[in-house]
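# Chain and residue survey
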Amino acid sequence: MPQIFTASADTRLRALALLLVPFLLVCVLSLGGFMESTYGTARGWVVNQPVPFSHEHHVGGLGIDCRYCHSSVETGPQAGLPATEVCMTCHSQLWTGAPMLAPVRRSLAEGKPLQWQRVALLPDYVYFNHSIHIDRGVACVTCHGRVDRMPLLSAAHGFEMSWCLDCHRNPAPHLRPPDQVTRMDWSDWDNDRERQRAFSRQAMAAHRIEPEKLDDCSLCHR
Amino acid sequence: MSDAAIPANRRYGSVSDEIVDIPLSYPHRRGWWMAFAIALLLFALFLVSVAVLFLRGVGVWGNNIPVNWGLAISNYIWFLGIGHAGTLISALLLLLSAHWRNSLNRFAEAMTLFAVVCAGLYPILHLGRPWLFYWMAPYPNTMNVWPQFKSPLSWDFFAVFTYLTVSVLFWYIGIIPDLASARDRARKRRYQVFYGLLALGWRGSARHWARWRQSYLLVAAIAVPLVVSVHSEISLLFAAGPIPGWNTTVFPPYFVLGAAFSGFAIVSMIAVALRSALGLGDLVTERHLDLLGKLTLATGLMTAYGYAAEVFDALYSGGHYEIHTMMDRFVGADAWSYWGAVIANFLPLQLLWWRRVRVNPLALFIIGLSVAVGMWLERYMLLVTSLYRDYLVSSWQDYHASFWEWALFAGMIGVFLVPFLLFVRFLPVISASEIKETLFEKRQAGHA
Amino acid sequence: MAGHGFSTNFPPQLGAPGGRQFWRSLDELAGTEEFHAFLAAEFPSLMPLANGIERRSLLRAMAASLTLAGLTGCKWDTPETALPYVRAPEFTVPGQPKYYATAVSLSGYALPVVAKTHVGRPVKLEGNTDHPASGGASDVFLQASLLGLYDPDRSQAPRHLGRPATWQAFDADMARRMAEFDATRGAGLRLLTGAVTSPTLLRQIAAMAQRWPEFRWHVSEPLDDGNRRAAAQLAFGARLDRHLHLERADTVICLDDDILGPGPHQARNARCWSQRRKAYRDGDGACRLFVAEPTPTLTGAKAERRLVVSTGRIAELIVALERMIGGETGDIARLDADERQWLERAAAAIHSRPTNSLVTIGANHPPPVQALALRLNSKLKSTAVQFTAPIAASAEDGAVSLVQLAGDMAAGDVQTLLMLDANPFYAAPGELGWSEAADKVPLLVHAGDHYDESAAHSHWHVPLAHELEAWSDARAVDGTASIVQPVVRPLYHGRAAQELLARLMGDYRDSRAIVQATWRAVWRDDFDARWTQALTRGFIEASAPAAVSATPLDDPLGMTPPPADGLTVVIQPDLTIWDGRFANNAWLQELPKPFGKITWGNVIGVSPQLAATRAIRNGDELVLEADGRQVAGPAWIMPGQEANTLTLTLGYGRQRGGHVAQNLGYDAYAFQGVAHQHVIAVTGLQATGRKLKVATTQMHQAIDGYDFVREVDDPRAAASQSPNTARASLYPAKIYDSPSWGMSIDLDACIGCNACVVACTAENNVPVVGKELVAQGREMHWLRVDQYYEGDPVAPRLHFQPVPCMHCEQAPCEMGCPVNAAVHSEDGLNLQVYNRCIGTRTCSSYCPYKVRRFNWFEYTGDDPESLRAMRNPDVTVRSRGVMEKCTYCLQRISAARIAAKREDRPIGDGEIVTACQQACPTQAIVFGDVIDPDSAVSSRKAEPRNYALLEEANTRPRTTYLAKIRPEGDGE
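Residues numbered from 1 in each chain as written. Chains lettered and ligands numbered in written order. Predicted model: local features only at pLDDT ≥ 70, side-chain atom pairs only at ≥ 80, totals over all residues. Heavy atoms only, no water.

## Here's the deal with the overall build of chain A
Going by this rule: Counting from the N terminus, the helices are DSSP H or I runs at least four residues long and the strands are E runs at least two residues long. This radius of gyration counts C-alpha atoms alone. The globule rule is 2.2 Å times how many residues there are, raised to the power 0.38. With a 1.4 Å probe rolled over the protein chains alone, any residue whose accessible area is under 20% of its type maximum counts as buried; one over 50% counts as exposed, and the rest are partly exposed.
In terms of helices and strands, chain A carries eleven helices and one strand. Going residue by residue from the N terminus, the α and β elements of chain A occur as α-α-α-α-α-α-β-α-α-α-α-α. Expected size for 222 residues packed as a compact globule is a radius of gyration near 17 Å; at 25 Å, chain A overshoots this value by more than 25%. For chain A, the C-alpha atoms occupy an extent of roughly 95 × 50 × 40 Å along the three principal directions. A burial count over chain A gives 41% of its 222 residues as buried.

## Here's the deal with the side chain of Asp-139 of chain C
Residues and elements named next belong to chain C. What counts is decided by this rule: Two residue types count as positive, namely Lys and Arg, and two as negative, namely Asp and Glu; His and chain ends fall outside the count. What counts as a salt bridge is simple: a side-chain nitrogen of Lys or Arg found within 4 Å of a carboxyl oxygen of Asp or Glu. Between N or O atoms, a polar contact is any pair within 3.5 Å; within protein, one atom must be a potential hydrogen donor and the other a potential acceptor, and residues adjacent in sequence are included only when both atoms are from side chains. Contacts are assigned to residue pairs with any non-hydrogen atoms lying within 4.5 Å of each other.
Relative to the helices and strands, Asp-139 is located in the loop between strand 4 (121-127) and helix 3 (140-150). Of the buried charged residues, Asp-139 lacks a salt bridge, with Lys-124 as the closest side chain of opposite charge at 11 Å. A polar contact is formed between the side chain of Asp-139 and the backbone nitrogen of Leu-142, at a distance of 2.7 Å. The residues touching Asp-139, leaving out its near neighbours within four places in the chain, are Leu-111, Gly-263, Gln-266 and Ala-755.

## Side note on the interface of chain C and chain B
Under the convention used in this document: A simple way to read buried area is as the amount of 1.4 Å-probe accessible surface that goes missing from two parts once joined, with both sides added.
Across the boundary between the two partners, chain C contributes 58 residues, which contact 59 residues of chain B. With both sides pooled, the region where chain C packs onto chain B buries about 4900 Å², and carbon together with sulfur makes up 56% of that total. Across the pair Lys-850 of chain C and Asp-390 of chain B runs a salt bridge whose closest N-O atoms are separated by 3.0 Å. On the surface where chain C and chain B come into contact, there are 35 residue pairs in polar contact (both at pLDDT 80 or more). Secondary structure elements with two or more residues in the side of chain C that touches chain B: helix 2 (52-72), strand 31 (784-790), helix 23 (812-816), helix 24 (842-846) and strand 35 (853-854) of chain C.

## Brief notes about helix 5 (residues 152-185) of chain B
In an α-helix there are 3.6 residues to a turn, and that puts residues three or four apart on one side. All names here are of chain B. Filter applied, for reference: Here the expected span of a helix is defined as 1.5 Å times the quantity of residues minus one. We define the bend at each residue as the angle formed by axes fitted to the 7 residues ending at it and the 7 residues starting at it.
With 34 residues, helix 5 extends 49 Å from end C-alpha to end C-alpha; this agrees with the ideal 50 Å at 1.5 Å per step. At Ile-176, helix 5 shows its maximal bend, which comes to roughly 40 degrees, and the proline Pro-177 appears one to four places after that position. Backbone nitrogen of Leu-153 and a side-chain oxygen of the N-cap are separated by 3.0 Å at the start of helix 5; the cap is Ser-151.

## Description of the packing of aromatic side chains
As a reminder of what qualifies: In this analysis, rings of Phe, Tyr and Trp, with Trp reduced to its six-membered ring, are considered paired at centre separations within 6.5 Å, and the interplanar angle assigns stacked below 30 degrees, edge-to-face beyond 60, and tilted for intermediate values. Here, a charge over a ring means that NZ of Lys or CZ of Arg falls within 6 Å of the ring centre while also lying within 35 degrees of the ring normal.
Enumeration according to the criterion identifies 73 aromatic pairs over all chains in this entry. Ring geometry for Trp-202 of chain B and Trp-209 of chain B: centres 4.9 Å apart, planes at 90 degrees, overall edge-to-face. For Trp-202 of chain B, a relative accessible area of 10% gives the class buried. By relative accessible area, Trp-209 of chain B is classed as partly exposed at 36%. Above the face of the Tyr-12 of chain B ring, Arg-443 of chain B is positioned so that its terminal group lies 4.5 Å from the ring centre. The ring centre of Tyr-834 of chain C lies 5.5 Å from the NZ or CZ of Arg-878 of chain C, which sits over that ring.

## Describing the side chain of Glu-18 of chain B
Looking at the secondary structure, you find Glu-18 of chain B in helix 1 (residues 12-24). Among all residues touching Glu-18 of chain B, those that are not within four sequence positions of it are Arg-10, Gly-279, Leu-280, Asp-282 and Leu-283 of chain B.

## A word on the interface of chain A and chain B
At the junction of the two partners, chain A supplies twelve residues and chain B supplies twelve residues. When chain A packs against chain B, close to 1000 Å² is buried across both sides, 63% of that on carbon and sulfur atoms. A per-residue breakdown of the area chain A buries against chain B is headed by Ile-4, Phe-5 and Asp-10 of chain A, which together make up 43% of the total. The partner of Asp-10 of chain A in a salt bridge is Arg-203 of chain B, with the nearest N and O atoms 2.8 Å apart. In this assembly, chain A and chain B are joined by three residue pairs in polar contact (both at pLDDT 80 or more). Where the side of chain A that touches chain B is concerned, the elements lending two or more residues are helix 1 (9-36) and helix 9 (161-169) of chain A.

## Some details on the confidence of the model for chain C
Short version of the rule: How sure the predictor is of each residue is captured by pLDDT, a score from 0 to 100.
Residues at a pLDDT of 70 or more form 90% of chain C, whose mean pLDDT is 87. Scored as a whole, the predicted complex attains pTM 0.91, and scored at its interfaces, ipTM 0.93.

## Regarding a nonpolar patch on the surface
For clarity, the threshold we go by: A residue counts toward a patch only above 30% relative accessible area and without a salt bridge, and it is joined to like-charged neighbours within 9 Å or, for Val, Leu, Ile, Met, Phe, Trp and Tyr, to nonpolar neighbours within 5 Å. Here the Shrake-Rupley method, with its probe set to 1.4 Å, supplies the accessible areas, and only the displayed protein chains count as covering residues.
On the surface, Trp-146, Phe-149, Trp-155 and Phe-158 of chain B cluster together into a nonpolar patch covering about 390 Å² of accessible area. By secondary structure assignment, the location of Phe-149 of chain B is in the loop between helix 4 (105-125) and helix 5.

## Observations regarding the packing of helix 4 of chain B against helix 5 of chain B
Residue and element names in this part refer to chain B. Which entries qualify depends on this criterion: Fitting a line to C-alpha atoms yields each axis, with helices limited to the stretch in contact; the angle taken between N-to-C directions then spans 0 to 180 degrees. Here the word oblique covers every angle except those under 35 degrees (roughly parallel), over 145 (roughly antiparallel) and from 65 to 115 (roughly perpendicular). Two helices cross in a left-handed way if the nearer one is turned anticlockwise from the farther one by less than a right angle. They cross in a right-handed way if the turn is clockwise.
Between helix 4 and helix 5, the shortest axis-to-axis distance is 10 Å and the interhelical angle comes to 150 degrees. When the axis of helix 4 is compared with that of helix 5, the two are roughly antiparallel. For the pair helix 4 and helix 5, the sense of crossing is left-handed. Contact residues: helix 4 offers Arg-106, Glu-109, Ala-110, Thr-112, Leu-113, Val-116, Val-117 and Gly-120, while helix 5 offers Val-160, Tyr-163, Leu-164, Ser-167, Val-168, Phe-170, Trp-171, Gly-174, Ile-175 and Asp-178.

## Describing the sheet that holds strand 16 (residues 443-448) of chain C
All names here are of chain C. Stated precisely, the cut-off is as follows: Each pair of strands is called paired provided DSSP finds at least two bridges between the two strands.
Taken in spatial order, the seven strands of this open sheet run 6-5-17-16-15-7-8, and their pairing is mixed. Edge positions in the sheet fall to strand 6 (163-164) and strand 8 (216-219), since each has one partner strand and no second. Two strands pair when backbone bridges link them, and strand 7 (residues 189-193) and strand 8 are joined in this way by four bridges, in the parallel orientation. Among the inter-strand pairings, Leu-191 is bridged to a residue of strand 8, identified as Trp-217. With respect to the sheet, helix 12 (residues 401-410) is in contact with strand 7, strand 8 and strand 15 (416-420), its orientation differing from that of strand 8 by roughly 130 degrees.

## A look at the pattern of salt bridges
All names here are of chain B. For the structure shown, the criterion picks out 80 salt bridges over all chains. Notably, a salt bridge pairs Arg-106 with Asp-178, separated by 3.1 Å at the nearest N-O pair. Here Arg-106 is found in helix 4, whereas its partner Asp-178 is found in helix 5, with 72 residues between them in sequence. Judged by relative accessible area, Arg-106 falls into the buried class, the value being 1%.

## What about the state of the cysteines?
Formally: Note on terminology: disulfide denotes any pair of cysteine sulfur atoms within 2.5 Å.
Inspection of every chain in the model, using the stated rule, returns zero disulfides over all chains. Cys-272 of chain C carries a free sulfur, and the closest cysteine sulfur to it, the one in Cys-287 of chain C, is 12 Å from it.

## Some remarks on the pairing of strand 24 (residues 629-637) of chain C
Residue and element names in this part refer to chain C. Pairing of strand 22 (residues 604-606) with strand 24, which is carried by three bridges, proceeds in the parallel orientation. Looking across to strand 24, one finds that Ile-604 is bridged to Ala-635. Inspection of the sheet shows strand 23 (residues 620-626) paired to strand 24 by six bridges, in the antiparallel sense. Within strand 24, the position partnered with Val-623 by the bridge is Ala-632. The antiparallel pairing of strand 23 with strand 24 creates a hairpin that spans two residues between the two strands, and Asp-627 there sits at a positive phi of about 45 degrees.

## Examining the environment of Pro-122 of chain C
Residue and element names in this part refer to chain C. Mapped onto the elements, Pro-122 comes out in strand 4. The spatial distance from the C-alpha of Pro-122 to the C-alpha of Met-870 is 6.9 Å, given a sequence separation of 748 residues. Residues in contact with Pro-122, not counting those within four places in the same chain, are Lys-116, Thr-117, Leu-146, Leu-149, Tyr-150, Val-487 and Val-488.

## Thoughts on the sheet that holds strand 11 (residues 288-293) of chain C
All names here are of chain C. Pairing is parallel in the open sheet, where four strands are placed in the order 12-11-10-13. Two strands bound the open sheet, and with one partner strand each, they are strand 12 (305-308) and strand 13 (357-361). Each neighbouring strand pair of the sheet contributes to a mean axis angle of 10 degrees, computed without reference to strand direction. Direction of pairing for strand 10 (residues 251-255) relative to strand 13: parallel, over a ladder of five bridges. Paired with Thr-251 across the two strands is Ser-357, which belongs to strand 13. Here helix 10 (residues 337-352) sits on the sheet in contact with strand 10, strand 11, strand 12 and strand 13, set at roughly 150 degrees to strand 11.

## Considering helix 6 (residues 226-236) of chain C
Residue and element names in this part refer to chain C. Every buried residue of helix 6 is listed here: Gly-226, Arg-228, Arg-229, Ala-231, Ala-232, Ala-235 and Phe-236. Summarising the contacts, the buried residues of helix 6 are in contact with strand 3 (109-118), strand 9 (241-244), strand 13, helix 11 (367-379) and strand 14 (385-388). Directly after helix 6, the chain includes Gly-237, whose backbone phi takes a positive value near 75 degrees.

Structure below.
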C-alpha cells in the first residue's frame, strides 16, 4: 500500500504552522491600518452636496469670517448652518443667474431648506458644545482643518474618541487667543514654540483649566 | 496506589484493537444515529432560540429588575462546573501518576471541552448587546477605553478562554499517539488521511515519546491550578457583589468543590453509558466505577460542608439581610430549589458508602444523574433567591424563566451532545497508549 | 462595509444604510436631485408622516451599522442631512432652549407653566415660580400635559357622521343652523362645557345668551366644587369659593377631605402646607394635621393622627367636635373610644391657637355637613380660610346642570347640543341615562381633542387645538388670570374653543385677536403694556377677585340622615388620570398610583377586614351592585381602609379613549347615581372567582422591622446612630474639590404626589413600557416613590420614600461593570455611559437599591414622529440592551457648568435644579454642591435628621434622606 504522506509532509506542516503566525499578524495590523486610514475615518472624502459650495473661495479667497455663516458658534452648542437668506444676501446681487446656485434660489422661493450632508459628523450620543471651545480659544482649524484650502468641504479629522481625548488630556498646545479663533494659518505660532507655550500657560491659569477633569465621560456623554 | 484495574497479562495489541477499532468499524451504528438525531434536533432548537434572542432582545427571557440574571448565568456556572472533573481527573491524577485514570481521562477531557464551550456561550448570549462582547477583551481601540479590571466579569472572560485553550491543548496532545495508531490501522483511505493529518506525523520514535511526555506533563501542570482558579473566579461573580446570600468568603472553595462534584457525577454517567454501549467492560472495570463512586462521594460530602458553612456564615454574621435570605431559602417562594438541591445532591449520594452500590453501573448512573440535577438546582437557588429579595422590600420581585430560556437550555445540551457524539464515533474514546504504557510498567515491575 | 461607501455611480447603491455617498469630482454632481429623491425614499424618518414599518426597518439597519461603528469607531453610519432655516427666526440659537410663560388647564382651572422649547418644540413644562397661586409648584397633570400635546391619537380633522369632513363644510352647516336659531331666539340651542374660568369664553357665552335669549348653557364637571358652593350658600347665604391658607394653619382638621391630594388645588395647598411644616421644623409654631377618612389619601398619609371612619360618621364627628370646642362635656356618647380620643386631641390642638386652626370637610359630603365646618371656622375666626366669588363660573342651574340638560333632552326640548371639551357620553352618571336622552336630540356637535365616546355619538365632531397650540385665557385656583399663549405651531388642524364659539357668532378672527378683544376691553389704553407684561410674567397681576367677608347665618341646616351602615362605595378621582381626561396619557397610565403602586388600570379598594371575612385576595374579580347598576373590577386590599368601605376610582373603562386608554379597568361613572354620585350604599358584593391582572410596581409594602424610612421625635433629634461615619473600605477615599454633587430628600415634607416621577420621565426621555412589562418588573422610571405600611394593617402608619440613584461614593455597580460603562466622575457623579454599555446587567445585580433600569427590548425605535419631536434633545435616547438610571439631570449640570465656565465663575448654589426638585410642590428635594459648606444641600445634610438609606451596605450614598418627625407622644 503506497504511503499517503511523503517524508517531507512534516516539514511542510511545520512551515505552514510557522507561516500562520505572520499571516495573523498581518491581518490584525491591516485591520488597525484600515481604521486609521481615510477609508476608515472618512478623512478627506468629499460629500455630495446640493450646491458645490467652496470654502476655499469664500474663506480663502474672499476672506469671509467663519462666524458670518456659522453664526451661533460663539453662543450655542451648534455652530449652525447659514439660512438660505444668508446666502442670498450676497447672491441676490452676485451670480444671480448662476445655474450652480439654482437650488439656493429655489429654496428661497419655495421656502424649502437646502439639504446639506453633514461632513463633521458626530454620533448622537456625543454632546459637543462649540461655544465653550471657542471661548477657551480652540481655533476652528484645530478640528475642521484648513477649510480655506478646500474647494469642496471634507473632514480633516476622523473625530475618533481617542483623538478628542488627546486634546482633552493635554489642551495647552491647542489654545489660541479667543479673538483670533477663526484664523486659519497658525504657522507663525507653530514655529514660535516659546510664545505658544507662554500663552497657553497664561490661558490655562486664567481659565483654571484642569485637564484631570477634562476626561470625565460625562463631559460628552449624557 | 497500585491497582488491578486491568490484568497485567493483557496483550498490548488487544488494547489498541479494542479501542481504536471502535471509530474504524463502529459497533452499533443505529443506536448512534438515533442519539445523534436527537442531539441535532436539540442543536436546531439552540439555533432557533438564539435567533429569537438576537432579533427581539433579552426581553424574551423572564429576567427583570431585580433578577437581572436568570437561567443564563446559573447554567453558565453549571456547565463550567461540569467541565472541571475532566481536567481534575486527567491532569491531577496524571501528576499523581494514578494510572487507573487512563481508562477515564480521554472522554472525561472531551466532556470538559464541550462543557466549557457551552458555558462560554452563555455570558455572550446574555448580553444586552451581544455583538459588542469583544469590548470585554483588552485590545487597542480608537476609543482609548480598556476593560475594567476590577470587575469579576472581565476576569471571567480571561478565565474561561484560558481554561478552554488549555483543555483543548491537553486533550489534543493526549490523543495524538492514538490518532497515529488509528491512522496505521485504518483500511479506508479517507480515514487514513483524516487520522494522518490529525496525528501530525507521529511516528512513535523515542524522541517523539520524550517530547510528548514533556509537553503532556507540562500542560497538565498548567491545567491543575486552573481547575481551582477558574471556578474560584466564577464564584466571585457572586461573592464580589454586596448582595445578601452572595457576599461571603466561603464561595470560592464552595464553588470549586461543587464543580468537581457535578463533574464526577457526569463522568460516572458517561463512563457507565460508554461502557455498556461500546462493551468496554474490560477497560472501564468495576474498579473504575468503584473509584468514581468514591470520588463523587468525597467531593459530595465536601460540598455538603459548603452548605453547612453557608448557613453558619449567615447566622454568625448576624446580618439582618443575610439571615433573612437564608430563611427565605428554607421556606420562601423558591424553597423548592434549595431543598431540591439538598435532597438530589446528598440523599442518594449516601448509598455510595456501600461498594455494592458503587460497582453497580445502573445505580451509579442514577446517582450521577440525581447529582447533576441537584447541582443545577443549587446554581439556580444561589442566583435567584439572592436577587429576587435583596435589600429594599420595595424592589422585591419574583422571577419565572420564560419558554425561550428553557429552549436555550435544552438547545445548549444539544450543543454539548453533537460534538461529544462525533467524538465517540470518530475518535478513540479511551487512551490506548497510556493504558499500554501502564501495562508495560507493570510487567517491568513484575519481572524485577 | 467600505464597498458601497465608495460607489461613484449612484443612485443604484445609494443610501444603503450604513453607507454615505461620496463623489470625487464636480461632474459627478449629475443626478443630485435624484439623490435627494432617493434619500427621501430611503430615509422616511427624515420625511414627515413616514409609516411605521419603513421606519422600523430603517432603524434596524441603523442598529446594524452602529454595530460596525462600534467595531472600528469609523464613520460609515447613516448619512445625516442638515436642514438650515430658509429664513432664520430672530434670537433663535440652535441647541439653546427658549422659555415661554403660559398655562395648561385641569378641570377648567389654569395650571401656570413655563414651557421650555427647542427650535419651536416644547420639550418640558415647569411650574411658574412667579405665580402667586402655585409659586412654581407643579403636579403630575401639569407635567404630563406635554405628552397630551404630542399624543398621536389626538383628533386631527373634523368628522361628519363619523366620516372625515372639512372645516368649510362644518362652518357652512353651522352658519345655516345659527341663522335658523336667530329666528327661534335660540330655542333648543344648548351648550355643554366643563368648568369654565376663561374670561374670553365667558364673554362669548354671555354674548350668545344675549343674541339667543332661549339659549341655555350647561356645565358638567365630573369633579367640580358644586357641593362646596352649595355649602357656602347654606352657611353664608352666598355661593362662594373657599381658599385655604395652610401656611397659616397650625392645626388642620380634615374630615374626609384630601386637601393635599391630586386636583387643581394640589400644587397650591401642598406648597402652603410645606411652608408651614418648614416653619414648624425651624421652631416657629406648630403644623398639626388631624385626618379622619374612610380610605388612605395623600393627606391621611401626612396626618399626625389618622382616624379610620366610614363617610357616614363624618357628620357625627363635626357635630361632636363643635361641641367639644364649645367646652361641652355632655353626652357625646355615640362616639367610640378611638373617635373620642381623636376628637379630644384635635379639640385640644384647636384650643391652643383657634385663629390658626382650620376644619375642612370633603366635597363629597352633603352641603349641610360641610356648612357646619364653614361655620365652625368662622366661629374660630380662622385666618387660614378666605372666601371669594366663584372662580369657575357655573351655569344658572348650578350643580344639577347636567341633570337639567338630560331632562330637557329626554323631553325633546333640545334641538342642537354643542359639547365643548366635554364628554358626557362617558362621564355622565350611569343612572342619568344620558345616551337614551341624547337619542332625542336632532343635532349633536362635539368639539374635543380626541375622537372619544361623545364624538362617536355626535353628528359633528371637530378637533380642538391643544392649550399649547392656541391663544386662550384662564384663571388659576386663586382666581389669578393667565393669558394662555401658544408655544408651538399647531400640529394638526384643531381650533381653539374660543375660535369655535366666535365662528358660531359669525366672528372669523383668530384666537389671538379674540382673546385680545377681551382684555382690550378691560385694560383699554394701557393694553399693549399690560398684554406684554401678562405674556412675559405668565399671569395678570392683581386679577384675582378680592376676598369677601363671609358672615355665617344661623338659620338651621337641614341635616340629611347619614347613610345606613353597611357596605358603602366611595367613588374618587383616580390619583393619576383624574376624571379620565388623561386616560390616553401613557406617562400617567404608567405612573404608579400612590397607594398600592398600581399602574395601567383601576382597582376596587377593599379593607383588610372585609378581605379576611370574605376571603378576598388581591386581583380577585369583584362585582358590586347598587340600585340595579353593576360594576366589576379587580379587588385590591388597602391597609388603613375602613372595614365596610369599598373604593372605586373614575377615569377607566373607556370605550373610545385612544390606543393607550383602550380596554383598561372598569367604568365607575356607569355605577354613579344621580342623587348619590360619590358615596353609594352597596346592595350586592360577590367574587366571580376570576383573577384579573393588576400591574403593580411594588409587590411588598410592609416595612415593619426595617429602617428604610426613619422617624425622629423632634426636628433636633438624630436619625442615625453614626451620622455620616464612613466605614472601613479597601479602596482609598477620594478627596473631592468643589463642585461635588449631592442630593437631600426630606421625607417629612414629601407627600408622595409623584410629580417628581413624571417630571423625571419628561426630562430624561424615559420610555413607557406598558402593562405587561410593568407586571414583569420592567418599568423604566429612574425615580420611584416607594410606599410602605407600618404596623397594624387596620390602621397603619403610611410612608412615602422617593428613591433615585444614590450616586454612591463606593458604588458596587462601578466595580461590577467589565467595560467601564459605570464610572465615577470628578464631580462625584456615578455615571452610566450608554454608548459603552454592553448590557451585562452586573451593575444592577450589585445595586443594593435596584434603581437601575434596563432596555429589555427596543423601546424607543418605533416611536411615532410626534413623540420623537417631544424628546429632550439634551438627553441621549437609549436603545435596546442598554442599562440606564438617574443621572442627577446631567444635562442640566453640563449646561450650568458650561455657562459658568464661559463667564469664568463658579457655579452658584441653586443654579442647578434637577427635574424632580423643580417639580416638587413641597420642596422636599434639594440638590447642590456638598463640598461648599454654605450650600443648601450641605446645610440639609448637616441636620441631625440626615441619614443614608442602607447605611450598613457602606455604599456612602450622595443622595441622603431627612427623617420624618414623629408626632408628639407617639414615641416608641
